[in-house]
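Fold and geometry: a report
Here's the letter readout for the chains.
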Amino acid sequence: MTALSDRPTTHAPAVGSDVRRIDGPAKVRGRAPYAYEHELDSSPAFVAIVQSPVARGRVVSIDASAAEALPGVLAVLTHENAPRLGEVVEEIRVLQSATVQYAGEPVAAVVAETSEVARDAIGRVVVRYDSEAPDVVLSVDRDDLYAPEQLMAGFETDSVIGDVDAALAAAPVAVDVTYATPVQHNQPIEMHATVARWDGDVLRMWDANQGPHNLVPVLTSAFGITEDQLHVVSPYVGGAFGSKAFTHVHQLLAGMAARVTGRTVKLELTRQQMSSLVGHRTPTIQRLRLGAEADGTLTAISHEVVEHTSRNAEFAEQTATATRLLYAAPARRTTHRLARLDVPAPTIMRAPGETPGVYALESAMDELAVALGMDPVELRVHNEPARDPERDVPWSSRNLVACLRQGAERFGWAGRDPRPRVREVGRRLVGTGVAASTYPTRRRPSQCRIEAVPGKATVVSIDASDIGTGAWTALTQIAADALGVAMAEVDLRIGDSRLPKASGAGGSTGTTSWGPAIQAAAQALRERVHAEHGGQLPAGGVVVTGSSGPGEEVERFSMHAFGAHFAEVRVDRDTGEVRVPRMTSVFAAGRIVNATTARSQFLGGMTMGLSMALHEESVLDAVHGHFANHDLAEYHVATNADVGEMDISWLDEVDEHVNPLGAKGIGEIGIVGAAAAIGNAYWHATGRRVRDLPITPEAFFRGE
Ligand code: MOS
């Protein structure tokens with residue numbers, strides 16, 4: 001415990017070094033169980049769900065007798081007999097009424113001795129419905145579009161500065177273009193799963209989520225229990241991009257099934273069920289109007305968004321908020337309008353809002369560059385704002401220009417022929433494109449407890465969450481440096497609602513929120529040992545807590561990470577197939593704690609952006625209201641073969657204003673703008689501007 005004295009330690013700093021994932025060995029040896037794999041009980045029961053094929057209507061009758069008669073069936077829950085839930089939001093009031101609000105809504109759940117019996121039994125539950133034609137088609141000319149009171153994360157619905165229409169009319173050069181992005185679905189490899197058990201009046205849950213504490217308010221309210229009567233455990237998660245952030249119906253069903261049967265129950269959603277039960281990214285229709293002087297100076301920016309939400313929830317995604325800060329212009333407007341449709345509630349998915357919004361803005365910027373006859377990198381550099389144009393506060397740091405310059409250099413942008421469709425390699429048309437990226441930097445309230453005992457590893461406890469990001473490793477690095485010990489002397493504990501409360505993994509806030517909380521607790525330990533124990537850790541050890549949360553920096557600075565993507569696209573003239581042989585992306589995201597796991601985050605985000613550009617689309621059946629392509633056979637995501645050379649780097653940026661760690665968060669910025677760079681390169685290759693994603697092979701022949 002040299003760390004606690006003022007003597008310099010002999011340890012090299014762990015933060016910034018290239019440490020391998022500390023949970024890697026356990027994962028490859030099968031010793032890092034995911035939720036469903038927990039064997040808490042030698043004879044658990046299994047839950048299977050009966051879903052409504054009807055998107056709008058009522059359950060008229062349910063005959064569960066054949067299912068109940070099946071040997072091994074323990075219970076069939078329906079709205080008629082299921083436990084009453086306490087107050088929870090409408091979208092997850094499962095089995096509480098006969099009303100059906102979306103295709104796939106659970107109308108019954110079977111609990112049985114085996115999963116085979118449970119799944120057999122759901123086919124024997126006879127449900128009759130009264131149904132109406134669902135309304136699921138989003139369009140800009142619906143007469144029921146409305147302005148929500150505010151957007152997610154508290155953003156204003158609209159922003160208006162200056163006279164946008166006059167500025168557009170007066171602009172020497174202008175573009176007026178509309179982009180559409182489809183519904184997309186979170187596709188973590190680990191399906192959503194819960195193992196639930198009641199020990200007396202204590203509910204225990206081993207659950208796949210993005211933060212055990214995220215579930216506490218909903219589960220305590222739903223089951224009428226106190227926080228002490230709830231224990232959610234989630235140390236290892238097999239991927240999550242937003243769908244595991246919030247409580248969904250399956251966790252409530254598992255709690256109900258466990259209560260009714262008195263058994264430990266296991267519930268894993270199928271991939272198909274995930275299409276309706278854990279949310280989706282809302283589709284968008286975005287009209288972008290940009291006006292500029294002949295030299296490229298923006299004079300007007302208008303970004304109007306139409307997107308959907310469900311009848312049973314208002315999900316108002318902040319699609320155009322990045323447009324409020326990426327560039328400046330004297331006249332600017334952003335608006336968001338929603339249509340309430342007969343669909344399941346949308347949810348968040350990696351950079352909700354920024355992902356579709358920056359796709360549209362950065363595609364429109366490319367169209368403006370073409371209209372101006374200006375290089376698209378130079379257009380962006382020319383419009384770099386010195387301060388946050390909307391809030392009129394300084395940036396904590398903003399290195400977009402450096403990302404564009406470094407990216408251009410690495411990619412070999414110089415000397416690019418701006419003309420479209422003039423390069424060919426064999427049958428393939430070749431083009432290059434660029435787009436900017438940005439994502440907000442935030443931190444959320446988090447607490448940490450440290451227990452230091454001489455001769456033992458220091459226990460660092462915080463209800464942080466590693467959803468595959470590398471948090472186990474990064475937080476151990478941060479703790480080691482904060483304590484002045486080697487990583488092996490840190491015993492990190494995360495992923496448990498009984499640990500000190502911390503924010504969930506989301507909004508790229510994990511490292512920025514948990515890291516400073518760990519640093520604060522380490523500082524408290526140091527101070528305690530000095531003040532009360534003369535600088536020597538006492539034999540009985542010391543327990544301290546520390547916390548971190550947003551401070552005055554929120555008011556003083558505009559805090560964002562930035563990045564630049566460059567892509568090469570090749571399009572087969574005969575088949576329309578689109579390949580992306582290489583991407584170069586450069587990020588300015590504050591201090592990078594771990595180069596290996598950070599690169600994986602950027603790479604994952606970029607790959608998801610590529611997947612968005614070329615593959616991902618959930619098709620809503622306009623007649624029946626269900627997602628028609630609800631599995632990985634028909635919902636295409638990019639695979640290894642789709643990903644070419646990914647050249648990923650970052651600037652040596654440490655932002656002392658954002659938090660004591662100087663890190664900005666890296667989970668989401670990789671996806672933002674990536675699809676625009678690919679779409680812009682597609683135009684450069686083909687001369688065709690595809691404004692509705694994904695850019696499928698058919699898009700090449702559309703209109704021919
Ligand atoms: Mo991410 S969509 O903030 O979980």
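Fair warning: this is a prediction, and the values are worked out from it, not measured in the lab. (Residues numbered from 1 in each chain as written. Predicted model: local features only at pLDDT ≥ 70, side-chain atom pairs only at ≥ 80, totals over all residues. Heavy atoms only, no water.)

1. Here's the deal with the nonpolar core
Counting residues in each nonpolar core, the largest one holds 84 residues, and the members touching the most others are L290, L368, I678 and Y682. At nine residues, the largest contribution of residues to this core is made by helix α9 (residues 354-372). Ignoring sequence-local partners within four residues, the contact set of L290 consists of L168, V173, A174, V175, L298, A300, I301, L361, A364, M365 and L368. If you look at the next biggest cluster of nonpolar residues, it comprises 43 residues, including A14, A240, V460 and I478. (Core = buried A, V, L, I, M, F, W, Y, C linked by side-chain atoms within 4.5 Å. Buried < 20%, exposed > 50% of the residue type's maximum accessible area, 1.4 Å probe, protein only. Helix = DSSP H or I, 4+ residues; strand = E, 2+ residues; numbered from the N terminus. Contact = heavy atoms within 4.5 Å.)

2. A word on the domain arrangement of the chain
Here the chain is described as being made up of domain 1 (2-32 + 443-549), domain 2 (42-133 + 192-268) and domain 3 (152-184 + 280-441 + 556-702). Every contact between the two is made by 20 residues of domain 1 and, on the other side, 20 residues of domain 2. Counting across the interface, domain 1 meets domain 2 through zero salt bridges. The interface formed by domain 1 and domain 2 holds nine residue pairs in polar contact (both at pLDDT 80 or more) in total. Grouping the amino acids of the side of domain 1 that touches domain 2 by side-chain chemistry returns eight nonpolar, five polar and seven charged. (Domains from an automatic or database assignment. Salt bridge = Lys/Arg side-chain N within 4 Å of Asp/Glu carboxyl O. Polar contact = N/O pair within 3.5 Å; in protein donor to acceptor, adjacent residues only side chain to side chain. Nonpolar A, V, L, I, M, F, W, Y, C, P; charged D, E, K, R; others polar.)

3. What to know about the pairing of strand β14 (residues 298-310)
Burial within β14 is extensive, with twelve of its 13 residues counted as buried. The pairing of strand β13 (residues 284-292) with β14 spans nine bridges and is antiparallel. The residue of β14 that forms the bridge with R289 is S302. Hairpin connection between β13 and β14: a loop of five residues separates the two successive antiparallel strands, and G296 in this loop has a positive phi of roughly 100°. Looking at chain direction, β14 and strand β15 (residues 331-341) are connected through eleven bridges and run parallel. Residue pairing for β15: V305 is matched across the bridge by H336. (Pairing = 2+ DSSP bridges.)

4. Examining the sheet that holds strand β16 (residues 424-425)
Spatial strand order, β16-β17-β22-β23-β24: five strands in an open sheet with mixed pairing. Each edge of the open sheet carries a strand with a single partner, namely β16 and β24 (645-650). Taken together, the nine bridges between strand β22 (residues 560-572) and strand β23 (residues 578-588) define a ladder with antiparallel strand orientation. Considered in β23, the bridge of F566 is made with T584. Packing against the sheet, helix α11 (residues 400-411) makes contact with β17 (428-440), β22, β23 and β24, and its axis sits at approximately 30° to β22. (Axes fitted to C-alpha atoms, helices over the stretch in contact; angles between N-to-C directions.)

5. Remarks on the sheet that holds strand β8 (residues 173-181)
Taken in spatial order, the five strands make up an open sheet running β7-β15-β14-β13-β8, and their pairing is mixed. Single-partner strands in this sheet number two, and they are β7 (159-161) and β8. Pairwise comparison of adjacent strand axes, ignoring direction, gives a mean angle of 15° for this sheet.

6. Observations regarding the packing of α9 against helix α16 (residues 674-686)
Taken N-terminus to C-terminus, the directions of α9 and α16 make an angle of 35°; their axes are 8 Å apart at the nearest point. Here the hand of the crossing between α9 and α16 comes out right-handed. Each of V358, Y359, E362, S363, D366 and V370 in α9 lies in contact with α16, whose residues at this interface are A675, A676, N680 and W683. Residue composition of the contact of α9 with α16, grouped by class: six nonpolar, two polar and two charged. (Left-handed = near helix turned anticlockwise from the far one by under 90°.)

7. As for the packing of aromatic side chains
Here the structure, examined in full by the defined rule, presents ten aromatic pairs. Centre to centre, the rings of F587 and F602 are 4.2 Å apart; their planes meet at 5°, and the pair counts as stacked. Residue F587 is located in strand β23, and its partner F602 is located in helix α15 (residues 595-614); the two are separated by 15 residues in the primary sequence. Summarising the burial analysis for this pair, F587 and F602 share the class buried. The ring of W198 has R259 lying over it, and the distance from NZ or CZ to the ring centre is 3.8 Å. Over the face of the ring belonging to Y36 we find K266, whose NZ or CZ atom lies 5.0 Å from the ring centre. (Phe/Tyr/Trp six-rings, centres within 6.5 Å; stacked < 30°, edge-to-face > 60°. Lys NZ or Arg CZ within 6 Å of the ring centre and 35° of its normal.)

8. Considerations on α16
In a regular helix each residue adds 1.5 Å, so 13 residues correspond to 18 Å; α16 covers 19 Å between its end C-alpha atoms and thus fits that length. For α16, a buried count of 13 out of 13 residues is recorded, marking the element as mostly surrounded by other parts of the structure. Where α16 terminates, the next one or two residues include G687, which has phi positive at roughly 80°. (Expected span 1.5 Å × (residues − 1).)

9. Side note on the side chain of Q477
Position of Q477 relative to the elements: it lies in helix α12 (residues 471-483). Filtering out sequence-adjacent residues up to four positions away, Q477 remains in contact with A14, V15, G16, S17, V19, M487, V593 and N594.

10. As for the pattern of salt bridges
Applying the stated criterion across every chain, the model contains 42 salt bridges. Here D165 ties to R333 by a salt bridge, and the two come within 3.2 Å at their closest N and O atoms. One end of the pair, D165, is in helix α4 (residues 164-170); the other, R333, is in strand β15, with 168 residues separating them in the sequence. Its relative accessible area of 14% is what places R333 among the buried residues.

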